[in-house]
Structures are given as C-alpha cells and as structure tokens.
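# Geometric and topological summary
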Amino acid sequence: NAGVTQTPKFQVLKTGQSMTLQCAQDMNHNSMYWYRQDPGMGLRLIYYSASEGTTDKGEVPNGYNVSRLNKREFSLRLESAAPSQTSVYFCATTFVTHYEQYFGPGTRLTVT
Amino acid sequence: GNSVTQMEGPVTLSEEAFLTINCTYTATGYPSLFWYVQYPGEGLQLLLKATKADDKGSNKGFEATYRKETTSFHLEKGSVQVSDSAVYFCALTRNNAGNMLTFGGGTRLMVKP
C-alpha cells in the first residue's frame, strides 16, 4: 500500500519547456488535488478533481492544466514553464465525505 | 473568503519546553479545522483535527481546541522534543463540494537539545 506517490521527485526546466507531474493513489479516494508550496505562503490549491471525470480550478490555476486519467491518477501539466512556477508541488487525496487529505512526498521544480 | 493566519516563525525552543503556535481563521459557516505537520523533505501529515466548536483534537501529545468565539485553533504541547522540529500548518475546510483546504503560511519549529 504505497498511499500517494508522485513522480518525479526533482526536475529542472528551462523557461518555455513543458512537463507533466504525475500523481497516483491506491487508497480508493474519490477526490484529488494539486497544490504548490512557496516559502511563507503555505500551500495554495492549483486544481482539484472532486471525482473521476471532473476537474475544477483552485486559487492559482494560471499556467497549468490537469487531467484526471482515471480514479487513481491525476496529472499536472506545465505547457510553457516560467521562473514563477519554481516551487514544490504536492498532490493530495481524500474521500468525498471525509476531510482529511493525504499528501504525496512532493516534486521540487526549478525553472531557470 | 476563507483565510487562516498563523504566527510567523521560526519558533525556537529548548527540549521539554511548552509550545504554543497561534492560529486564527476567517470563514463563513462552520468550518472544520486542522493542524498538519511537515517534516524535512516530506509531504504534509495530518496531526489533529476538530470538526465543531469546543471540540479538542489531540495526537502525539499535541492538542488544539476549536474556539468559535475567538475564531482560533491554537496548537499546544506541554513538553517538546527534538523530533518535533518541523513546519506546522493550520488549515480549514468547509463542508462543501471538493473539500478544499485553506492553509496558513506555516510556522517552523526548531527544538534544541
């Protein structure tokens, strides 16, 4: 039982490059989330998927796209990376009717 | 909208000292309140939670009481250990679709032997 896994753990991109961050969960949770963590700002929600087949914008969606591939997987795509997207990205999951969110270990992204 | 305010850190304590990390919130309705902990290089883990007014959440010696009258959820521990060194996040969510969490900025705790 791996819980919530994220790949890659680290990534360095040049401005304008694209990449996809992967998240997978084996907890049979319905809802999945993508956050970014910046110093002194806590975590901010980028996008979320309340259930398979649905996605919605969070607080800071600009520059990102997401895909809920199936119940287990939720990916985050940066089409044209910018230095402002340098951050640590966390995926999280929860049951719809539960409030506790379970977090993955994070992806540290640097855009130069 | 919803917001969470935490005391700025870092908080530096000696082992066995008493810990308080303040958290206040703004939200409409009746949010649920959480404390998450992030150890170095790891993701966030739920530390404790409270879902209604006057509830006390507790775990691993940490406690926090949901105070609706003061809109607060302060984290306390009677005797901290070096292993408690981490970043602590206060958060809230409302009972609506998506269960979105609103986080405070985090407070770094450093415990010295």
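Higher on the page you've got the structure.
Figured I'd write up the structure that's included with this text. (Residues numbered from 1 in each chain as written. Chains lettered and ligands numbered in written order. Predicted model: local features only at pLDDT ≥ 70, side-chain atom pairs only at ≥ 80, totals over all residues. Heavy atoms only, no water.)

### Topic: the sheet that holds strand 8 (residues 62-65) of chain B
Residue and element names in this part refer to chain B. Overall, antiparallel pairing links the four strands, which are arranged 3-9-8-7 in an open sheet. Each edge of the sheet is formed by a strand with only one pairing partner; in this case those strands are strand 3 (19-21) and strand 7 (56-59). Taking the axes of each pair of neighbouring strands and ignoring which way they run, one obtains an average angle of 15° across the sheet. In this sheet, strand 9 (residues 75-77) lies alongside strand 8 in antiparallel orientation, the contact comprising three bridges. Bridging from a neighbouring strand, Phe62 pairs with Lys77 of strand 9. (Pairing = 2+ DSSP bridges. Helix = DSSP H or I, 4+ residues; strand = E, 2+ residues; numbered from the N terminus. Axes fitted to C-alpha atoms, helices over the stretch in contact; angles between N-to-C directions.)

### Here's the deal with the state of the cysteines
According to the stated counting rule, one finds two disulfides over all chains in the structure shown. With its sulfur 1.9 Å from that of its partner, Cys23 of chain A forms a disulfide with Cys91 of chain A. Because the sign of the S-S torsion sets the handedness, a value of about -70° for the bond joining Cys23 of chain A and Cys91 of chain A places this disulfide among the left-handed ones. With Cys23 of chain A in strand 3 (residues 19-25) and Cys91 of chain A in strand 9 (residues 87-94), this pair connects stretches of sequence that are 68 residues apart. Given a relative accessible area of 3%, Cys23 of chain A falls into the buried group. In this model, Cys23 of chain B is linked to Cys90 of chain B through a disulfide, with the two sulfur atoms separated by 2.0 Å. When the S-S torsion is -70°, as for the bridge of Cys23 of chain B with Cys90 of chain B, the disulfide is left-handed. With a gap of 67 residues between them, Cys23 of chain B in strand 4 (residues 23-26) and Cys90 of chain B in strand 10 (residues 86-93) connect regions that are remote in the sequence. (Disulfide = S-S within 2.5 Å. Buried < 20%, exposed > 50% of the residue type's maximum accessible area, 1.4 Å probe, protein only.)

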